[in-house]
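So you can see what is in the structure, the chains are spelled out below.
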Amino acid sequence: MKTFLWSFILWAGLAGLSACDEDERVDYNHLPAEVHEFVNNYFADVEVVKAEKDDDEPRYKVWLSNGFELKFYGDGSWQEIDGNLQVLSSALQIDLLPENLLVYVATQYPNAGIVEVSRYGWGYKIELNTVPVMELKFNNEGEITRSRAY
């Protein structure tokens, strides 16, 4: 009986901890105007499937019917665009990424496409649809700082 009781207490505690990590599902219409502008500009004909507010840090997540996952900072500016192995549109790349970064990718990986991009205070991280997948990091000016395959 003690074993059962301790197992139940442990299970309940772990369930409670995992519940704390869950993000809060929110109505897409209540997200910042900047999120709506971004989605309307780059994914105009794509349905929003789900939206969440991240409880651990001020940001939003948006899932689209075409498989793209988007993350936004609390102010509505974009943080990450994940195409889930789909290449990001040229318009999106040209509008959001430094020219140096795009030139580097085009010259060093001419047959690859950018399938994920993240923006941080230090710069950009991108993933290419190469085999193996290439992860590249660039500073804010678009100069390469690190590359690795995985």
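The coordinates are above.
Predicted model, so just to flag it, every value in this text is computed and none were measured. Counting from 1, residues in each chain are numbered in the order their sequence is written. Two thresholds apply to this predicted model, a pLDDT of at least 70 for residue-level local features and 80 or more for giving and counting side-chain atom pairs, whereas whole-chain, interface and lining totals are computed over all residues. Side-chain calculation: all heavy atoms of the structure are included, whereas hydrogens and water are not.

Chemist: Would you take a moment to explain the sheet that holds strand β8 (residues 134–139) for this structure?
Modeler: Sheets are built from strands that pair by backbone hydrogen bonding, the pairs being arranged parallel or antiparallel. Each pair of strands is called paired provided DSSP finds at least two bridges between the two strands. What counts as a helix is a DSSP run of H or I of at least four residues, what counts as a strand is a run of E of at least two, and both are numbered from the N terminus. Strands sit in the order β1-β2-β3-β4-β5-β6-β7-β8-β9 across an open sheet of nine strands; the sheet is antiparallel. Of all strands in the sheet, those bounded by a partner on one side alone are β1 (24–25) and β9 (144–149). Here a residue-residue contact requires only that any non-hydrogen atoms of the pair lie within 4.5 Å. Angles here are taken between N-to-C directions and fall from 0 to 180 degrees, while the axes themselves are lines fitted to C-alpha atoms, restricted in helices to the stretch in contact. Each of β2 (48–54), β3 (59–64), β4 (69–73) and β5 (78–82) touches helix α2 (residues 33–42); the most contacted strand, β4, lies at about 145° to it.

Chemist: Looking at this model, I keep getting lost on the environment of L136. Mind explaining?
Modeler: Counting through the fold element by element, L136 comes out in strand β8. For the pair L136 and R148, spaced twelve residues apart in sequence, the C-alpha to C-alpha distance is 6.6 Å.

Chemist: I'm lost on the environment of V39 in this one. Help?
Modeler: Its place among the elements puts V39 in helix α2. Here V39 falls in the buried class, since its relative accessible area comes to 2%. Expressed as a C-alpha distance, the spacing of V39 and L70, which sit 31 residues apart in the sequence, is 9.0 Å. Once you skip the residues sitting within four places of it in the chain, V39 turns out to touch Y28, A44, V48, L64, L70 and F72. Three exposure classes are used, based on accessible area relative to the maximum for each residue type with a 1.4 Å probe and protein chains only: buried under 20%, partly exposed in between, and exposed over 50%.

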